[in-house]
Every structure is written in structure tokens, then in C-alpha cells.
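Working through the structure, step by step
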Amino acid sequence: MKSKVIVLFFLLVAVMLLGCAQKPVEKPEEAKVIKITDLVGREVSVKVPVAKVVLLYGLEDYSAVGGKDALKKIVGLNSWRYKKYRPDWWQAWVANYPWMAELPDVGQPGKTFEVEDVIKLKPDVVIADKSMYKYMEEDIKRLEKAGIPVVFTDYFPHSDNVTQLFDEVNKSTLILGKLLGKEDRAKQLVDFFKEKVNKVVERTEKVSVKPKAVVFATWAEWRAYGKKGMYNFWIEMGDGENIAAKVVDASSGDVNPEFVLKENPDVIVFTCNNNFPSGQRVAIGYTVDNTTIAKEALKELINRPGWENINAVKEKRVYIIHHGLSHGHIFEFVCLQYIAKWLHPELFKDLNPEESLKTFYDNFIPLPYHGVWATELS
Amino acid sequence: MQEMQEICLYRELVFRRLLFISLFLILCIVLSLLNLSIGPISIGIGEIFHTLITQGNDTAHVVIWDYRLPWTLMALLVGGALGLAGLEMQTILNNPLASSYTLGISAGAGFGAALAYILGIKVLPNVPMEFVVPINAFVFAFLTCMLIMLIGKIRGFTSETLVLGGIAISFMFQSLLALLEYYASEETLQAIVFWLFGSLTKASLFKAQVVFIVLAIVATLLMLKSWKITALRLGDEKAKSLGVNTERLRIEVLIYVSLLTSVAICFVGIIGFVGLVAPHMARMLIGEDQRFLIVGSILCGGVILSAGAITSKVIVPGAIFPIGIITSMLGVPFFMFLVIRGRKQIW
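Numbering of residues starts from 1 in each chain and follows the order in which that chain's sequence is written. Here every chain gets a letter starting at A, and every ligand a number starting at 1, in the order they are written. Local features in this predicted model are restricted to residues of pLDDT 70 or higher, and side-chain atom pairs are both shown and tallied only at a pLDDT of 80 or more, whereas totals for entire chains, interfaces and linings draw on every residue.

1. A closer look at the domain arrangement of chain A
All names here are of chain A. Partitioning chain A into structural domains gives domain 1 (32–181) and domain 2 (209–376). What marks off one domain from the next here is an automatic or database domain assignment. Look at where the C-alpha atoms of domain 1 and domain 2 centre, and you get two points 28 Å apart. Numbering goes from the N terminus for both helices and strands, where a helix is a DSSP run of H or I of at least four residues and a strand is a run of E of at least two. Broken down by secondary-structure element, the contributors of at least two residues to the side of domain 1 that touches domain 2 are helix H2 (59–73), helix H4 (87–96) and helix H7 (162–180). Among the elements that line the side of domain 1 that touches domain 2, the one with the most residues is H2, at seven residues. For the side of domain 1 that touches domain 2, a count of residues per class yields 10 nonpolar, seven polar and seven charged. Here the term charged refers only to Asp, Glu, Lys and Arg, the term nonpolar to Ala, Val, Leu, Ile, Met, Phe, Trp, Tyr, Cys and Pro, and the term polar to all other amino acids, Gly among them.

Below, the structure written as C-alpha cells:
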């Protein structure tokens, strides 16, 4: 009995001490109105740090800047997009933060987005991706009338120009930093990104022979990434030659099967979402435990007439990668690292893209690292 | 004297019809040869023939046997099947606008394909991956036909009932398809749109054989009925007075056409316009006599789709342009020319 009382007493003291210790840290930051130029080029006034956020895109980048605390600021989420487009990531978030499943789903701009739902939630800011702007022009006016600012970020690569990419990632991340009052961490994140990208582009300057590569989608047999596709930019930055860019001007398009035989690529990459190729099976992603299914899928994907004579197949330089890794989020540097390593295995012997991704998760994402993100034919 | 003149006139007519049929046949052969010889890898005509009669594992053999020959045959056969199906639909429905589109068969097939792509629903279990989408599309296309049949059974097989029923079914499947598309992810949406545009890249010799067998059987069966079908074009009353059981004939032809259309579109997706235009072109040049018109429509369909297939390869060498877009773009101007310049009444 006596010992229990003592334990209780100490606990009480401990709790009080903790409370005291936390008080000064929690000093409320002074709210101020700042002007932000977002990635669409709009100037927006926002009262920062924000307390209530409606997030239409980029939970990963948002939480990488804001950490766990920022998650609690989310009052509305475009969970529609997560469930449809990145089901594995959604499962990860909900498994670790079950309350996220209960967040109001405000929908995907151009599809299910409901501006009234957002107004009802009275957020301090709405964060969206630049690609959503064209669907939101009318809604932005309505939101602004209701006093809710909308800020657009952009993490998509738009060319093979590294400086431009850095500029874009830098701007987007610093905006998130300013909104969440985490500018130091934002800067840290940008430096991390730059370092990981530079690791690749600095070294490829010495490359003399550009290996031929092609990236196919897993959802349409001969759909390859062309001149305006993000994979083309990664291949260019990794100093390879994307054969499909010669014939496909758009971001992706169908190539003539013969063309692949004629060009004889050294590296073939398949980009695959978590719902490969259309819901039949799950080969890759956060939720996948091992590479067995992905490797099986690769074997089926290369089972095309004449492919046994293609360099990439002969030398087993055929790979599969998570589609979500390739664009639109700050950890896209991992995709660049993978592509560069696949193009120049000797040059990047010491580069471990998976380790990079793990480090990124451990340092920035409030989720444990897990999953199969890329693998090779073996 | 009068009699002699009429015989001469008839002979001239038959000669004219045979002339156009031979012309179509020659065009089919020429276009197929072009289809076989055009591609990113250059193979001479001589080598193509050599490759076709020998076996081997070199690049030329792979290219010809695994890619170009299935592609070429599929273009020819699917074009022919769509042409014939369009012709008979227009005839039994007595409607110049009838095609697999009007009756909702294409929309049904599209919905079946989308079910496989978007929800992963298989109509038949344990089907190899390659055939999941075709079988779904086939089953739904055929179901659509049966639905039209049911409407006909209830309301009578008049062309108005069938056309209106077809339009209703078409809208139903189109909205269901739109609903599926609305909820699809980016990737599956791309896959289904790709299918809806139509593509010959999924061709194989096996699929070509299936289409060939169905086309051959249906064409033969229709040829046997050609007199009755021709009579139908005189109007129901006249056909009945000639002893044709019009309702039975409509049902029978509808079944053949359903089978033909379903098989044709299930492998390559929806290729528009061929089924509508090919029969009209053939009819303008050949006339109403089904004995010639059946062959003419098949060949004309083959010509249009083969030409489309070549164009889809050469617009950007090395890439494949969706063939469904090309057939329309190619077919419309020519069709307009015939409509405006043609001397005869079209329908």
C-alpha cells in the first residue's frame, strides 16, 4: 500500500514537472499575415502559421515538412485521390493514423471536389498541386470570397533541367515551411533533396556513352514515356537515351513493337502502380512484403515476341518501379537514383537508392519505412 | 428484241459489279502487301515472301510472323467483319444509319472491357490474362444483341423498335461506362481509353484465325439467304408477298451479325466508322443485290481498315497512332465525296 502511494506521488510529480517543462516551449507563435507567391504564380495572403488545413495533394511532402504535428492540422483531405491513385500509401497512413480515415473527404478537383465542403470546414489554407489549377479556377474565386486562400505547390519535373527542378522543389517546400512555421526543416529537406540529386547529376557528367533505355507502362502493352514524360527527364538527367522520345512527343504514347526490336534498348523499365496493371494483383508498393510477385510480373511483361534478343533482356537489365515514386513528390529523387544506377551500374556501384528512400522516410516521413518500391528481373 | 436488250443490260450490270469487286480485291491485296512491308525495320519485298514461306528465329521472321502478319490479317478481317455486320444491320433495320454503334453493341463491348480493366471482374473464371478483356467484351456485346432481340420479341421485329431499343441500350451502357471511368484511377483510365480507341497492337495469329472462321461461316450463311435479304429491301409488305418470313429472317440475321460484331470488336476494341461507311460505299458502287453486296462490303471494310492500319504506322514512324481516330478521319472525306458527287440515290 505504502509503496503504491509513493509510486503515485512520484508519478504526480513527474507529470507536473513535464507540464512545467512543456509550457515555455508551447509559447504560441505570433500569427502574422504574409504574402506567398505560389507555384502557379499567384500572390496569396495567408495568416501563418496555419492551424487548419485542407489538403488536396501531397500528404507526403506536407508531412515531411511539418512532421506529425502538421498531420493534426488537417481538417479535410482529398482521400478520394489516395484511395484511387495511391491505395498503398493510403493504407499506410490509415494504419498508422486511423483517425485519418474519418477526415472529411473533400474530393479530387475535376472529379469529386466539393467547394462547399471546404468552406464549411473553415480552413486557414487549402493546399493543392499545380496540375489541379485548371480544374479549380472557378472554385478558387469562391474560396477567396469566403476568405480561404488556396496555395499551389508543384513537385513534378517539367524538363531535364536540374536547376529548374531545384528551384521548383525549393519554392514548394519553403511555402509549406512558411505555412506550417517549419522553415528550418523545409530548408533541411531541400538540402537533402539537392544532395541526393547532385549525387547523380554530378557524376554523370563524366559519362561518354549513353545507354539506350525505354520506360513502359504496365497498363497498356506498348505505352512508353515520350519526350514530355517525367521518365524522359530522369533518363536525361541520368545520362541515358530514351528511345521512345524519338517518336513520342507527348508525355506518353504507343510505340510500334518493331521499333523496340530495332532500337534494341540496353535497359527496360516498367512503371507500375500498386494496383497492377488494373486491379488484378498487387505487385509493388508500400504494402508489399517481398519481391516475388513483382519478379513474376516482370517475367510476364517481357514475354513478347523477339524480346529474347534485346540487350536489356539478354543481360537481365529489366526493372519495375513504383509509379508514385516517379513524379509529383519530393522523394522522386529516389526514382532518379534508381534510373541512374540502372543506366550506369558501374558508375553508381556505391549508390543505394533504397537506402536513400529509407533514410528519407526515417528522417522526414512520420511513417515507418516499408514495402517494395523497385526490383529487377533475376 | 426487248428481251435481248434486257439480257445485255443485266450482263453489263453483273460485269460492272464484278469489276468493282475485283477492284476491291486488288486493293485489299495491295494494301495488305504494303502493310506487310511498312515498319521501322526495313525488310525487302523479296525477303518478306521468303520469310513467309520459311521458318526461322531471326529478326525478320519475328517481325513478319509475330507482328506484321497478325496486324495485317487482323486489319483485313476485322474490317471485313465490321463491313459485313454493318451491311446486314442496315438492311434488316432498314436504316442507313445502323451500325454496331447505333445498336449499342460497341457500348456494351466497351462496358464489358471496362469491367475487366477497372473492377477486375471476369465474366469467365480461369481465363488467361490475355483473353480476360476480349471475353468480357464479347460476352457483353453478345448480351447487348440478345437484349435487343428481347425487345424485338416483346414489341415485334420492326426496324423502329430495334433502332429505338438499340439507342436506349447504347445510352445505358455509355452512362455505365462513364460511371466506371469516373471512378477509375489514372492508369486504368488510360487503359480503357486506349481500348475504346481501338488498336491492332494486340493482334495475334490465333485471334485472326478466330475472326476468319466466324467471318467465313457467317458470310456463307448470309450468302445462302441473299435472295431473301435482298427482298427485304423492297419493304416488309413486298417481301412478305414474295413468301419471306420477315420476322424470322430478321432474328436469324441479327444472331449472325451479333456474333460477327462481337468477335470483331472484342479483340481490337471499338473501331468506328468502318461498319457504317463500308456498306454504303459498296452499295453505291455495286447496288442492292446481296449476292454481290455481301462480298463487296467485306472487301470494302477490309480496304478501309487496312488503309487505316497503314496510316497509323506511318503518321509518326516508330509510334502507333490510334486506329479508331484514323478510320474516321480517313473515311469521312471519302464518304462525303460519295454522298455529294454520287449520281444514284444513296438509300
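Moving on, there is more to tell.
2. Some thoughts on the environment of lysine 299 of chain A
Its location among the elements puts lysine 299 of chain A in helix H11 (residues 292–301). Using a count of 12 C-beta atoms within 10 Å as the deciding quantity, one classes lysine 299 of chain A as exposed. Any residue surrounded by 20 or more other C-beta atoms within 10 Å of its C-beta is treated as buried, while 12 or fewer makes it exposed and the intermediate range makes it partly exposed; C-beta atoms here are placed from the backbone.

3. Section: unusual backbone geometry
Geometrically, the link from valine 48 of chain A to proline 49 of chain A is a cis peptide bond, its omega value of -10° lying close to zero. The backbone of asparagine 264 of chain A shows a phi angle near 50°, a positive value even though the residue is not glycine. Of note, asparagine 264 of chain A is situated in the loop between helix H10 (257–263) and strand E11 (267–272). The phi dihedral of asparagine 94 of chain B is positive, around 50°, even though this residue is not glycine.

4. Some thoughts on the interface of chain B and chain A
Think of it this way: build a C-beta for each residue from its backbone, and any pair within 7 Å is a contact. If you look at the interface, chain B gives 27 residues, while chain A gives 27 residues. Looking at the side of chain B that touches chain A, the elements with two or more residues in it are helix H3 (59–93), helix H4 (105–119), helix H7 (186–197) and strand E1 (319–320) of chain B. By residue class, the composition of the side of chain B that touches chain A is 14 nonpolar, eight polar and five charged. Strand pairing is assigned whenever DSSP identifies at least 2 bridges connecting the two strands. In this structure, strand E10 (residues 252–255) of chain A lies alongside E1 of chain B, joined through two bridges in antiparallel fashion. In the strand pairing of E1 of chain B, valine 255 of chain A is matched with alanine 319 of chain B.

5. Things to note about the sheet that holds strand E6 (residues 150–153) of chain A
Where strands meet in a sheet, backbone hydrogen bonds hold them as pairs that are either parallel or antiparallel. Residues and elements named next belong to chain A. Pairing is parallel across the open sheet formed by four strands, whose spatial order is E4-E3-E5-E6. Of all the strands in the sheet, the pair left with one neighbour each is strand E4 (74–77) and E6. Recorded for the sheet is a direction-independent mean angle of 25° between the axes of neighbouring strands. Two elements, strand E3 (residues 53–55) and E4, share three bridges in a ladder whose sense is parallel. Every angle, taken between N-to-C directions, lies between 0 and 180 degrees, and every axis is a line fitted to C-alpha atoms, over only the stretch in contact when it is a helix.

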